[in-house]
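Now for the letters of each chain:
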Amino acid sequence: DILESVENGYRSFSSGLVVQPDFMTIVKPGTHTGFDFKGGLDLGGGYITIKSSSGGYPDNPKIGLPTGMNTVFLYEADTSALKCIMDGTWITGCRTAAAGAISVKYLSRKDSSSICIIGAGNQGRRQLRAMARVRNITDVYVWGYSEDEITSYIADMSPELHGIKFHPCSSAEEGVRKADIVVTATIGRRAPIVKREWLKPGTHIAAIGADMPDKQELCTDVFKGAKVVNDSIKLCVKNGETHHAVDEGVIKAEEIYAEIGDIILGKKPGRENDDEITIFDTVGMAIQDNVTAVSLYNMAV
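Conventions we followed
Residues numbered from 1 in each chain as written. Predicted model: local features only at pLDDT ≥ 70, side-chain atom pairs only at ≥ 80, totals over all residues. Heavy atoms only, no water. Phe/Tyr/Trp six-rings, centres within 6.5 Å; stacked < 30°, edge-to-face > 60°. Buried < 20%, exposed > 50% of the residue type's maximum accessible area, 1.4 Å probe, protein only. Lys NZ or Arg CZ within 6 Å of the ring centre and 35° of its normal. Helix = DSSP H or I, 4+ residues; strand = E, 2+ residues; numbered from the N terminus. Pairing = 2+ DSSP bridges. Contact = heavy atoms within 4.5 Å. Axes fitted to C-alpha atoms, helices over the stretch in contact; angles between N-to-C directions. Parallel < 35°, antiparallel > 145°, perpendicular 65-115°, else oblique. Nonpolar A, V, L, I, M, F, W, Y, C, P; charged D, E, K, R; others polar.

**As for the packing of aromatic side chains**
- Under the defined criterion, the tally for this structure stands at 3 aromatic pairs.
- Judged by centre distance (5.6 Å) and plane angle (15°), the ring pair of Phe35 and Phe37 falls under stacked.
- On the basis of relative accessible area, Phe35 is assigned to the partly exposed category, the value being 31%.
- It is Lys38 that lies over the ring of Phe23; its NZ or CZ is 4.6 Å from the centre.
- Looking at Arg190, its charged tip hangs above the ring of Tyr145, at a distance of 3.9 Å from the centre.

The following block contains the structure:
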């Protein structure tokens, strides 16, 4: 349901049916502690949502709270009535995973069967679950910042996804060189990880972790000659992985191939041959939260 909802949200966005102002960030000076607020109106669906996302609270677990929290407020557009308040952490995780899977559906080779997961946390798990719904995945190469992280990922995911072989990697390079699809789902605040020379022809990259200007997972030369697709060009050149490539002059903003909604609508083709390298950069949009929340609300009612 979420895959379908998010795909429809991208259609609405690229059809001019979404009112989505810039998101607002409030951060405690000198820290990564604070909030993002994303709001949007889906004219097709008839709802407005505002999502608050907090993060960077390392001491919270000591008092029984997560290090970050998300809340979604769902309003009826015609009346302004608040229809529902729901926890947004699961919504954020699943709609982000749906975005990655939709990019795989439209931009990866149809015979893609191997995935490299870089960042073996919760989002790395969600990405694999979603992508396994749109491609016949046989092998998963897993790399994280610690051996325990990798071991835990494989222990959790192996019983859940029968028939898939999991391979722990001692380096990101090891996994990237073997994969048809590369997923970057780290916190994005360490040095860039993925290098251009590691990529096989025909690789698709789902760049998930870099959703703020100070986050980066791909070396900028990865963008050179690649087909670059954003969820929102406006947002990605400001906040996403694409931002670094544009800032360093590797590509120009006008050279970005398309937004994913344009491809879903058939305005532009997705993958056009088996050798091109494709990159999907997503920073996340309010419309994803909106359509996911509406779907959950309608089912609950």
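**Notes on unusual backbone geometry**
- In this structure, Ser80 is a non-glycine residue whose phi angle is positive, near 75°.
- Secondary-structure assignment places Ser80 in the loop between strand 5 (70-76) and strand 6 (82-87).
- A relative accessible area of 55% means that Ser80 is categorised as exposed.

**Structural notes on the sheet that holds strand 7 (residues 114-118)**
- In space, the 8 strands of this open sheet follow the order 9-8-7-10-11-14-12-13, with parallel pairing throughout. In this open sheet, the two strands that pair with only one neighbour each are strand 9 (165-168) and strand 13 (258-259).
- Note: strand 8 (residues 139-143) against strand 9, 4 bridges, orientation parallel. Each residue of the ladder has a partner; that of Tyr141, found in strand 9, is His167.
- With respect to the sheet, helix 3 (residues 122-131) is in contact with strand 7, strand 8, strand 9, strand 10 (181-184) and strand 11 (204-207), its orientation differing from that of strand 7 by roughly 160°.

**Focus on the pairing of strand 3 (residues 34-42)**
- Here strand 3 lies mainly inside the structure; 7 of its 9 residues are buried.
- As paired elements, strand 1 (residues 18-19) and strand 3 share 2 bridges and run antiparallel to each other. Bridge pairing in strand 3 links Val18 to Asp42.
- Bridge count for strand 2 (residues 24-27) against strand 3 is 4 bridges, and the pairing is antiparallel. Bridging across to strand 3, Ile26 finds its partner in Phe35.

**Description of the packing of helix 1 (residues 2-14) against helix 2 (residues 89-107)**
- Helix 2 packs onto helix 1 with a crossing angle of 75° between their chain directions and a minimal axis gap of 9 Å. Relative to helix 2, the element helix 1 is oriented roughly perpendicular. Contact residues: helix 1 offers Ile2, Leu3, Val6, Glu7, Tyr10 and Arg11, while helix 2 offers Trp90, Cys94, Arg95, Ala98, Ala99, Ala101, Ile102, Lys105 and Tyr106.
- Of the residues belonging to the contact of helix 1 with helix 2, the class tally is 11 nonpolar, no polar and 4 charged.

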